[in-house]
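# What the coordinates show
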Amino acid sequence: MKSKILLLEDDYNLSETVAEYFEDEGFEVLCAYDGEEASALIYENNFDILLLDVNVPKKSGFEVLKEARVDGKTTPAIFITSLNSMDSLEEGFSSGCDDYIRKPFELKELLLRVQILIKKEFSKKDDLIQIAPNITFNPISNEIKSTDEEIKLNLKELKLLKLFLQHPNELIPHDRIYDFVWEYDEEYSDNSLRTYIKNLRKILGKDKIVSLKKLGYRFNQE
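Residues numbered from 1 in each chain as written. Predicted model: local features only at pLDDT ≥ 70, side-chain atom pairs only at ≥ 80, totals over all residues. Heavy atoms only, no water.

Time to look at the side chain of Asn-46. Looking at the element boundaries, Asn-46 is found in the loop between helix H2 (35-44) and strand S3 (49-53). From its side chain, Asn-46 meets the backbone oxygen of Asp-179 in a polar contact 3.0 Å long. One polar contact links the side chain of Asn-46 to the main-chain carbonyl oxygen of Phe-180, over a distance of 2.5 Å. Ignoring any residue separated from it by four or fewer positions in sequence, one finds Asn-46 in contact with Lys-4, Lys-73, Asp-179, Phe-180, Val-181 and Trp-182. (Helix = DSSP H or I, 4+ residues; strand = E, 2+ residues; numbered from the N terminus. Polar contact = N/O pair within 3.5 Å; in protein donor to acceptor, adjacent residues only side chain to side chain. Contact = heavy atoms within 4.5 Å.)

Spelled out as structure tokens, the structure:
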């Protein structure tokens with residue numbers, strides 16, 4: 001599963017350049033050209049990173065992120081802007097961003113900042129997360145391996161695993177799982193979720209994922 005980026009940029013040429021660069025680096029990129037379009041995409045999708053220009057039509061990048069944070073979206077966000085005053089910098093961070101890059105910028109620098117934030121989401125200093133004694137997960141490539149052999153998961157099983165790894169030892173309610181694993185226009189299924197949980201337990205061990213009846217699931221990470 002590719003890491004998913006929202007790019008809000010009203011300069012079509014720059015948007016195309018950034019999108020193509022990140023797609024070549026293995027990311028999935030959805031582009032928005034005004035603030036309202038960006039807000040709709042954030043509501044309908046689960047992104048790994050938000051790249052937000054500030055001065056865009058209809059609604060500023062600051063407003064987009066503030067609204068997303070109020071709605072409970074904790075996705076890491078980087079503002080991309082030509083603004084350079086201290087006031088704008090302070091407003092950017094107060095609206096909930098994680099980083100700030102000024103135009104013009106090198107694409108490689110933006111890539112490095114994105115990779116750093118993805119790693120921070122998993123609170124790890126290295127690329128690999130040790131899930132079990134012989135099982136590792138790479139949050140950049142989304143590869144899960146047992147010893148040196150890659151384990152194949154379907155897209156929703158991989159999303160579910162990511163959610164558990166981002167919130168170890170926490171009760172995750174069913175509704176939150178459905179919102180994260182299923183896309184906005186998809187119908188979720190209780191039976192499908194149980195099947196995905198069952199498949200993950202076969203790989204990770206049955207005690208790794210605990211079902212709390214009528215409440216949700218908890219991923220046990222030592």
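The subject of this paragraph is unusual backbone geometry. Geometrically, the link from Lys-103 to Pro-104 is a cis peptide bond, its omega value of -10 degrees lying close to zero. Looking at the secondary structure, you find Pro-104 in the loop between strand S5 (99-102) and helix H5 (107-121). Residues other than glycine seldom take positive phi values, yet Lys-58 does so here, at roughly 75 degrees. With a phi angle near 60 degrees, Asn-169 is a residue other than glycine that sits in the positive phi range. The topology assignment puts Asn-169 in the loop between helix H6 (155-166) and strand S10 (171-173). Using a relative accessible area of 43% as the deciding quantity, one classes Asn-169 as partly exposed. (Buried < 20%, exposed > 50% of the residue type's maximum accessible area, 1.4 Å probe, protein only.)

Moving on, we get to the packing of aromatic side chains. Under the counting rule described, the total for this entry stands at 9 aromatic pairs. Their ring planes at 75 degrees and their centres at 5.4 Å tell us that Phe-22 and Phe-27 sit as a pair that is edge-to-face. For Phe-22, a relative accessible area of 1% puts it in the buried group. With a centroid separation of 5.8 Å and 15 degrees between ring planes, the pair formed by Phe-164 and Phe-219 is classed as stacked. Placement of the pair is Phe-164 in helix H6 and Phe-219 in strand S12 (residues 216-219), with a sequence separation of 55 residues. (Phe/Tyr/Trp six-rings, centres within 6.5 Å; stacked < 30°, edge-to-face > 60°.)

Moving on: the side chain of Thr-81. The topology assignment puts Thr-81 in strand S4 (residues 77-81). Aside from chain neighbours lying at most four places away, what touches Thr-81 is Asp-53, Val-54, Tyr-100, Ile-101, Arg-102 and Lys-103.

By the bridge criterion, 4 bridges tie strand S11 (residues 209-212) to S12 in an arrangement that is antiparallel. Across the sheet, the residue bridging to Val-210 is Arg-218, located in S12. Taken together, S11 and the strand that follows it, S12, pair antiparallel across an intervening segment of 3 residues, in which Lys-214 is found at a positive phi of about 65 degrees. (Pairing = 2+ DSSP bridges.)

This next bit is on the confidence of the model for the protein. Summary statistics for the protein give a mean pLDDT of 83 and a share of 87% for residues scoring 70 or more. Looking across the protein, the model is least confident in helix H4 (residues 86-94), with a mean pLDDT of 60, and most confident in helix H1 (residues 12-24), with 94. (pLDDT = per-residue confidence, 0-100.)

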